[in-house]
Amino acid sequence: MRRVLLLAALLLPAAAPPAQACSQSQTTTTARKTATTAPRKSLPRPVYHAADAPTNAPVAYVGGMKPVMDQGRYFHGILDQLEGRYAPGGTDFRWDGEAWYGGDYNRLWLKSEGTLEHGRLHDGDHELLYSRAVSPYWNVQAGVRADIDDGPTRTWGALGVQGLALYQFEFQATAYVSDRGRFASRIEGSYDFLLTNRLILQPQAEFNLYTKSDPARQVGAGLSDVDAGLRLRYEVWRKFAPYVAVSYAGYLTQARRIVHDQQGESGALRLTFGVRSWF
C-alpha cells in the first residue's frame, strides 16, 4: 500500500501540465473563432474629385502651391490654313480651321475646310463633333460631317481620335459612315520643326479613302485624294504667322480617272502664300 501511494505521488504532478495545455489550446481556438466570425471593419473608400470641385473639406495647399483649375470652360479657335495657291492653270483659295468650346475633358468641336477653285466651292467639308479626353494626349471624337459645296451634299456620321503622338506629332484619324451606306476614312498629320523660336517648318498631309466611288463628287473607291504641303511660317507674334509654302492637291487611283474623264484637273503642285492665326 505504501508503494502504491508513493507511485501516485510521483505521477500526479507529471499528468497536470497536459490538462492545462489542453485548456489553453481550447481558449486559443475559441478566440480565433471569435475573431473570424466578428464583422470586419471596411476601410473608407477614397473619393476622387476635381481640384476645384465644391467640397466641405478645408483647403490645404501642398507646398504652398494652389491646385490646377481644371473645371474651367474656354473657347479656342485656330485657322491653320488661309492661303492662296498659285499655278499656271489658275489660282485657288483654301481654308482649313477648327474651333472648340469646353474644358480639359469634354469639348464641342467645329471643323471646316474647303477650296474655292475657278469660282466654284470645292471640297467643302464641315464637322460638328463631341470630344472626350481619354488620356493626357488623346481625345475620342464623335459627331456628324456634312459635305456642303457646289457639288451634291453628303452627310456622314463620324468617329475618330485626335491627339499628339510620339515626338510631338499631330495626328487625326476619323472613320465615317454615310446616310447611303458608304464608308470613308481620313488620316491627317503634321509636325512643327522649330528652326528658331519664331521660324517654323511644318510638313502636313491629309489622305481620304472611300469604299465606293461617287463620281458626282469626284470620289473614287480606295485611296481617293491627297492634300499636302510644306509650309515655312514666321510667327510675328504667337497668334499671327504669315507663311510661304509648296502645296500639292490631287486625285489618286480611281478618282484620278474619274476627274480625267470629266475634263478636270487631276492634281497640281502650287506655290502658296497664307496666314496662320489663332485666338
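Here, residues in each chain are numbered from 1, in the same order as that chain's written sequence. Since the coordinates come from a predicted model, pLDDT governs what is reported: local features require at least 70, and pairs of side-chain atoms require 80 or more to be given and counted, while whole-chain, interface and lining totals use all residues. Only hydrogens and water are set aside; all other atoms, that is, all heavy atoms of the structure, feed into the side-chain values.

**Student:** Break down the overall build of the protein for me, citing the residues and quoting the values.
**Tutor:** Counting its regular elements, the protein contains 2 helices and 13 strands. In this scheme, a residue with accessible area under 20% of its type's maximum is buried, one over 50% is exposed, and one in between is partly exposed, where area comes from a 1.4 Å probe on protein chains only. The proportion of buried residues among the 279 residues of the protein is 31%. Residue contacts follow a heavy-atom distance rule, with two residues in contact if any of their heavy atoms lie within 4.5 Å. Considering only contacts in the protein between residues 6 or more positions apart, those separated by 24 or more positions represent 44%. Throughout, the Shrake-Rupley method with a 1.4 Å probe supplies accessible areas, and for residues the shown protein chains are the sole cover considered. Summed over all atoms, the accessible surface of the protein reaches about 18,200 Å², with 64% contributed by carbon and sulfur. By definition, any uninterrupted DSSP run of H or I lasting at least four residues is a helix, any uninterrupted run of E lasting at least two residues is a strand, and each is numbered from the N terminus.

**Student:** How would you explain the packing of aromatic side chains if you had to name every residue and give the values?
**Tutor:** Geometry of aromatic contacts follows a simple scheme: Phe, Tyr and Trp rings, the Trp one being its six-membered ring, pair when their centres are within 6.5 Å, and the pair is stacked under 30 degrees between planes, edge-to-face over 60, tilted otherwise. Tallying each qualifying case throughout the model produces 8 aromatic pairs. With centroids separated by 6.0 Å and ring planes inclined at 55 degrees, the aromatic side chains of tryptophan 156 and tyrosine 210 adopt a geometry described as tilted. Here tryptophan 156 is found in strand S6 (residues 154-165), whereas its partner tyrosine 210 is found in strand S10 (residues 199-210), with 54 residues between them in sequence. In this pair, the class of tryptophan 156 matches that of tyrosine 210, namely buried. Here the aromatic residues Trp156, Tyr176 and Tyr210 are joined through ring pairs into a cluster of three or more. Sitting over a ring, as applied to charges here, requires NZ of Lys or CZ of Arg to be within 6 Å of the ring centre and within 35 degrees of the ring normal. It is lysine 111 that lies over the ring of tryptophan 109; its NZ or CZ is 5.4 Å from the centre. Of note, arginine 145 hangs over the ring of tyrosine 176, and the distance from its end group to the ring centre comes to 4.5 Å.

**Student:** Help me get a handle on the nonpolar core, residues and values and all.
**Tutor:** By convention a nonpolar core is built from buried Ala, Val, Leu, Ile, Met, Phe, Trp, Tyr and Cys residues, the set being connected through side-chain atoms within 4.5 Å. If you look at the biggest cluster of nonpolar residues, it comprises 9 residues: Trp100, Trp109, Leu129, Trp156, Ala158, Tyr176, Ala184, Tyr210 and Val219. Look past the residues within four positions of alanine 158 in its chain and what remains in contact with it is Glu127, Leu129, Gln141, Ala142, Gly143, Thr174, Ala175 and Tyr176.

**Student:** With reference to specific residues and values, describe the environment of leucine 82.
**Tutor:** By the element assignment, leucine 82 lies in strand S1 (residues 74-86). The exposure class assigned to leucine 82 is partly exposed, which follows from its relative accessible area of 32%. Note: C-alpha distance between leucine 82 and serine 277 (195 residues apart in sequence) is 8.7 Å. Sequence-distant contacts of leucine 82, defined by excluding residues within four places in its chain, comprise Phe93, Arg94, Trp95, Tyr243, Phe273, Gly274 and Val275.

**Student:** How would you sum up the pairing of S6? Please name residues and give values.
**Tutor:** Walk down a regular strand and you will see the side chains alternate between the two sheet faces. Bridging between strand S5 (residues 138-147) and S6 involves 10 bridges; their strand directions are antiparallel. Bridging from a neighbouring strand, glutamine 141 pairs with glycine 160 of S6. Between S5 and S6, which pair antiparallel in sequence order, lie 6 residues. Bridging between S6 and strand S7 (residues 169-178) involves 10 bridges; their strand directions are antiparallel. Only when DSSP finds a minimum of two bridges between them are two strands counted as paired.

**Student:** Can you lay out the pattern of salt bridges for me, pointing to particular residues and giving the numbers?
**Tutor:** Salt-bridge detection follows one rule: a side-chain nitrogen of Lys or Arg within 4 Å of a carboxyl oxygen of Asp or Glu. The tally for this structure, following the rule as stated, stands at 20 salt bridges. The salt bridge partner of aspartate 227 is arginine 85, with a shortest N-O separation of 3.0 Å. Of this pair, aspartate 227 sits in strand S11 (residues 222-234) while arginine 85 sits in strand S1, and the two are 142 residues apart along the sequence. For the residue pair aspartate 227 and arginine 85, the accessibility class agrees, reading buried in each case. In this structure, the salt-bridge partner of arginine 94 is glutamate 113, at a minimum N-O distance of 3.4 Å.

**Student:** An account of a nonpolar patch on the surface is requested, with residue identities and associated values reported.
**Tutor:** Residues with no salt bridge and a relative accessible area higher than 30% make up the patches, which join like charges within 9 Å and nonpolar side chains (Val, Leu, Ile, Met, Phe, Trp, Tyr) within 5 Å. On the surface, Tyr86, Phe193, Leu195, Leu232, Val244, Val246, Leu269, Leu271 and Phe273 cluster together to form a nonpolar patch covering roughly 810 Å² of accessible area. Listing elements by their share of the nonpolar patch, those giving two or more residues are strand S12 (240-251) and strand S13 (267-278). Element by element, the count of residues in the nonpolar patch is highest for S13, at 3 residues. The partly exposed category is assigned to leucine 271, whose relative accessible area is 44%.

**Student:** So what's going on with the side chain of aspartate 149? Residues and values would help.
**Tutor:** On the secondary structure map, aspartate 149 appears in the loop between S5 and S6. Residue class for aspartate 149 comes out buried when judged on its relative accessible area of 14%. Looking at aspartate 149, its side chain comes within polar contact range of the main-chain nitrogen of aspartate 123, at 3.1 Å. In protein, a polar contact means a hydrogen-donor-capable atom and an acceptor-capable atom, both N or O and within 3.5 Å, with residues adjacent in sequence counting only if both atoms are side-chain atoms; elsewhere, any N or O pair within 3.5 Å suffices. At a separation of 2.9 Å, a polar atom in the side chain of aspartate 149 contacts the main-chain amide nitrogen of glycine 124.

**Student:** Before we move on, could you go through the side chain of arginine 276 and cite the residues and values that matter?
**Tutor:** By the element assignment, arginine 276 lies in strand S13. At a separation of 3.3 Å, a polar atom in the side chain of arginine 276 contacts the side chain of aspartate 80. Those residues in contact with arginine 276, other than ones at most four positions away along the chain, are Ile78, Leu79, Asp80, Arg233, Glu235, Lys239, Phe240, Ala241 and Tyr243.

**Student:** Summarise unusual backbone geometry; cite the residues concerned and give the values.
**Tutor:** Look at tyrosine 167: it is not a glycine, yet its phi comes out positive at around 65 degrees. One can find tyrosine 167 in the loop between S6 and S7. In this structure tyrosine 167 comes out as exposed when scored by relative accessible area, which is 71%. Phi angles above zero are rare outside glycine, and glutamine 168 is one such case at about 65 degrees. Mapped onto the elements, glutamine 168 comes out in the loop between S6 and S7.

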